[in-house]
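# Structure assessment
Residue-level listing of the chains:
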Amino acid sequence: MRYLVLSDIHGNWEALAAVLAASEGAHDSVVCLGDVVGYGADPNRCVEWTREHASPVVRGNHDRASAGEGDLSWFNEIAAHAILWTRNALAPENALWLRDLPRGPAACGGFQIAHGSPLDEDGYLVHIADAEATFPYLETPLVFFGHTHLQGWFLWARLRSSPFRRPPGEFVLDLRPGDSYLINPGSVGQPRDGDPRAAYAIYDDAARTVAFHRAAYDLASAQARIREAGLPEMLAARLAEGR
Ligand code: ZN
């Protein structure tokens, strides 16, 4: 089975559409690590596509907040502005779907998916210490996570974690038996690793490989939609920088 692994779409339909076009025919199933909405101007379209095509889907912090759950004081001013805009824009059935998404991690054919850390859905896995504190508790040797918007992986071999590694461009990682992996496919809709192209990954469980990919998308349209929506200008500007 080949899984298209998507995370942090953030309401960016142009980016999601480019990923779907680029990965067409290369996967049998889609999983989503959360933050379908927030920041971008097309929350309904992104939710509707994900509802129909991805399973399992776990909730992200923006999904929860945009569905009206919890407290906005955890978000910075720009994120909170986008969440309030998204709450207002969401069709009621899409808000309900977001509200009812399960907390990660979720099991999926021999691996798990989580939004943040598999131990804490809002936890960021950034540094080697975060990985060292997480690997001993994993229930499966392969876990996909998102939330940081950084594409790459941590490896756990001989009871030690390696630092977070970024793929050098298009890259296929071979999964070795006996080792464990925490893998971030990157963000579809708001990459923050300096590459503005939409990020995604494809896991092939028969070949035991994870392929990291990027897809260029219609950035100008996504930016124009953000500006037309009256969302903060910074959310349009940062897409071009991939930061
Ligand atoms: Zn996110």
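Before going into details, it helps to say that this report is about the structure given with it. Here the structure is a predicted model, which is why all the values come from computation and not from measurement. Residue numbers restart at each chain and count upward from 1, following the sequence in its written direction. In view of the model being predicted, local features appear only for residues whose pLDDT reaches at least 70, and side-chain atom pairs are presented and counted only at 80 or more, with totals across whole chains, interfaces and linings using the full set of residues. Based on all heavy atoms of the structure, the side-chain values leave hydrogens and waters out of the count.

## Examining the coordination of the zinc ion
- Donor atoms are limited to N, O and S found within 2.8 Å of the metal ion, a distance that becomes 3.2 Å for Na, K and Ca. With water left out, some sites might look partial. Listed as protein donors to the zinc ion are Asp8 (OD), His10 (NE2), Asp35 (OD) and His149 (NE2); their distances from the metal cover 2.1 to 2.4 Å.
- The geometry test gives tetrahedral to four donors whose angles all lie between 85 and 135 degrees, gives square planar to four donors and octahedral to six donors whose opposite members are over 155 degrees apart with all other angles between 65 and 115, and gives irregular to the rest. The site at the zinc ion holds 4 donor atoms, and with the angles between them running 87 to 177 degrees, its shape is irregular.

## Here's the deal with the side chain of Ser29
- With respect to the secondary-structure elements, Ser29 resides in strand β2 (residues 29-32).
- Apart from the residues lying within four places of it in its own chain, the contact partners of Ser29 are Met1, Arg2, Tyr3, Leu4 and Ser55. Under the DSSP-based scheme used, a helix requires at least four consecutive residues in state H or I and a strand at least two consecutive residues in state E, with every element numbered from the N terminus. The contact rule is simple, with two residues in contact once any of their heavy atoms fall within 4.5 Å.

## Quick word on the packing of aromatic side chains
- Any two of the Phe, Tyr and Trp rings considered here, Trp counted by its six-membered ring, make a pair once their centres fall within 6.5 Å; the pair's planes then place it as stacked at under 30 degrees, edge-to-face at over 60, or tilted in between. Under the counting rule described, the total for this entry stands at 10 aromatic pairs.
- Pairing Tyr3 with Phe111 gives two aromatic rings, centres 4.9 Å apart and planes at 75 degrees, and the pair type is edge-to-face. Separated by 108 residues along the polypeptide, Tyr3 in strand β1 (residues 2-6) and Phe111 in strand β5 (residues 111-113) bring together distant segments of the chain. Like Phe111, Tyr3 is buried.
- For the ring pair Trp153 and Phe171, a centre distance of 5.6 Å and an interplane angle of 5 degrees mean the geometry is stacked. Taken together, the residues span a long stretch of sequence, with Trp153 in strand β7 (residues 152-157) and Phe171 in strand β9 (residues 171-174) at a distance of 18 residues.
- The cut-offs for exposure are 20% and 50% of the maximum accessible area for each residue type, with area from a 1.4 Å probe on protein chains only; residues under the lower value are buried, those over the upper are exposed, and the others partly exposed. Given a relative accessible area of 3%, Trp153 falls into the buried group.
- For a Lys NZ or an Arg CZ to count as sitting over a ring, it must be within 6 Å of the ring centre and within 35 degrees of the ring normal. Here the basic side chain of Arg238 rests over the ring of Tyr39, its NZ or CZ set 6.0 Å away from the ring centre.

## Considerations on unusual backbone geometry
- The omega torsion of the bond from Ser55 to Pro56 falls at -5 degrees, within 30 degrees of zero and hence cis.
- Its place among the elements puts Pro56 in strand β3 (residues 54-57).
- The residue after Gly104, namely Pro105, is reached through a cis peptide bond having omega 0 degrees.
- Relative to the helices and strands, Pro105 is located in the loop between α5 (92-99) and β4 (106-108).
- Positive phi outside glycine occurs at Asp8, with the angle close to 50 degrees.
- Tracing the chain through its elements places Asp8 in the loop between β1 and α1 (13-22).
- Located in the positive-phi region is His149, a residue other than glycine, with phi close to 65 degrees.
- Secondary-structure assignment places His149 in the loop between β6 (142-144) and β7.

## A short note on the sheet that holds strand β12 (residues 209-215)
- For two strands to pair, DSSP has to find at least two bridges joining them. With mixed pairing, 6 strands are arranged side by side in an open sheet as β3-β2-β1-β11-β12-β9. Edge positions in the sheet fall to β3 and β9, since each of these pairs with one other strand and no more. Taking the axes of each pair of neighbouring strands and ignoring which way they run, one obtains an average angle of 25 degrees across the sheet. Every axis in this analysis is a line fitted to C-alpha atoms, fitted for helices over the stretch in contact. Angles between the N-to-C directions lie between 0 and 180 degrees.

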